[in-house]
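So the chains spell out like this:
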2 protein chains.
Amino acid sequence: MAVSEQFKDVFAQLPAGSFDKDCPTRPVMAQVTGRWGALIIAALVPGPMRFSGLHQHIDGISQKMLSQYLKSVVRYGLVERLVEPTVPPQVTYSLTPLGQSLAQQLCALLSWFSANTPALEAAQQRYDAADSPAR
Amino acid sequence: MAVSEQFKDVFAQLPAGSFDKDCPTRPVMAQVTGRWGALIIAALVPGPMRFSGLHQHIDGISQKMLSQYLKSVVRYGLVERLVEPTVPPQVTYSLTPLGQSLAQQLCALLSWFSANTPALEAAQQRYDAADSPAR
DNA sequence: CTGTATCCGGAGCGATACTG
DNA sequence: CAGTATCGCTCCGGATACAG
């Protein structure tokens, strides 16, 4: 199968330590793949956005979490924080080149989920119906 | 910039509801992008694996979490569970076609993290050194 | 407007012990 | 070997109030 060959190549490029407990990517992964990380990165793809803009755009996030995740991604060099010394202050967030390259991967992932939502839901219903209708 | 154009196209294909609170992909994302989801899927890329094999391969995961995450991905139709009626019983997990297509995205993401670990670590050190050396 | 500080409930997760 | 059940702890995450 061509598909198998294809992604086995990708897999083969993964360093051996990817599954190690102390793999340095684990913390970053935890943030980016955390509850809000991917959505924040993706939200900045169309262009820079203000704090309040993100707060509105990403439905359901609290100020605390937005602030917290933003601090992380800024620290990782994925997002740039630009402060306009005006009154009231305006803070603009935008993707760095590094963040843009990550955004491509994340958008691909989000696209996959969107595209395969029907299949995923169908599988769940099949699973739930087959085994434990009581639960 | 060519890069911008490129992933803006990808982004444009995302449904408008991707950022909605009730987006149906959120629960699945939560699992797959949870602490172990991606690693489990990725671990099955080279081929089917047994429970104990996964337990060893994915460093640091507990039986409870492995079992729990496996149940989820099976329910989502991403992984197939095959029980050999032998004594002692042998259970083999393998990716479904749906799971394989997801695995491609996840492997790409893992690859990105592996490839950009130096840049990410450098950014962190820069950030930490610049502002709060006391902490 | 853009955050930070505090409190608090619940989910996630690990360790351990137990079952088939 | 392949799980399930229970306990306990940590940390995530929301609501609210406060600060620059």
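Only a predicted model underlies this, so the values are computations on that prediction, with no experimental measurement involved.

> Got a minute to help me understand the pattern of salt bridges in this structure?
When their charged atoms lie close together, side chains carrying opposite charge are able to pair. Summed over the entire model, instances satisfying the criterion amount to two salt bridges over all chains. One salt bridge in this structure joins Asp128 of chain B and Arg75 of chain A, with 2.5 Å as the shortest N-O distance. A residue pair is termed interchain when its members come from two chains, as with Asp128 of chain B in helix H6 (residues 97–130) and Arg75 of chain A in helix H5 (residues 63–75).

> Explanation requested: the pairing of strand S3 (residues 90–95) of chain B in the structure shown.
Side chains on a regular strand alternate between the two faces of the sheet. All names here are of chain B. The element S3 is extensively covered by neighbouring structure, given that five of its six residues are classed as buried. In this structure, strand S1 (residues 49–50) lies alongside S3, joined through two bridges in antiparallel fashion. Bridged to Met49 within S3 is Tyr93. Pairing between strand S2 (residues 79–84) and S3: six bridges, direction antiparallel. The partner of Glu84 across the bridge, within S3, is Gln90. Hairpin geometry of S2 and S3 is characterised by an intervening segment of five residues between the two adjacent antiparallel strands.

> Mind showing me how you'd approach the relation of the copies chain A and chain B here?
In this structure, two copies of a chain are linked by a rotation about an axis accompanied by a shift along it. When chain A is fitted to chain B, the residual RMSD is 0.1 Å, and the transformation amounts to a turn of 180° plus an axial shift of 0.0 Å. Within this description, the copies of the chain are treated as partners about a two-fold rotation axis. Minimal C-alpha distance to the rotation axis in chain A is attained by Thr33 of chain A, lying at 2.4 Å. Most of the interface of chain A is mirrored in chain B, where 100% of its interface residues again form contacts.

How each quantity is defined
- Residues numbered from 1 in each chain as written.
- Chains lettered and ligands numbered in written order.
- Predicted model: local features only at pLDDT ≥ 70, side-chain atom pairs only at ≥ 80, totals over all residues.
- Heavy atoms only, no water.
- Salt bridge = Lys/Arg side-chain N within 4 Å of Asp/Glu carboxyl O.
- Helix = DSSP H or I, 4+ residues; strand = E, 2+ residues; numbered from the N terminus.
- Buried < 20%, exposed > 50% of the residue type's maximum accessible area, 1.4 Å probe, protein only.
- Pairing = 2+ DSSP bridges.
- Least-squares fit on C-alpha atoms with pLDDT ≥ 70 in both.
- Contact = heavy atoms within 4.5 Å.

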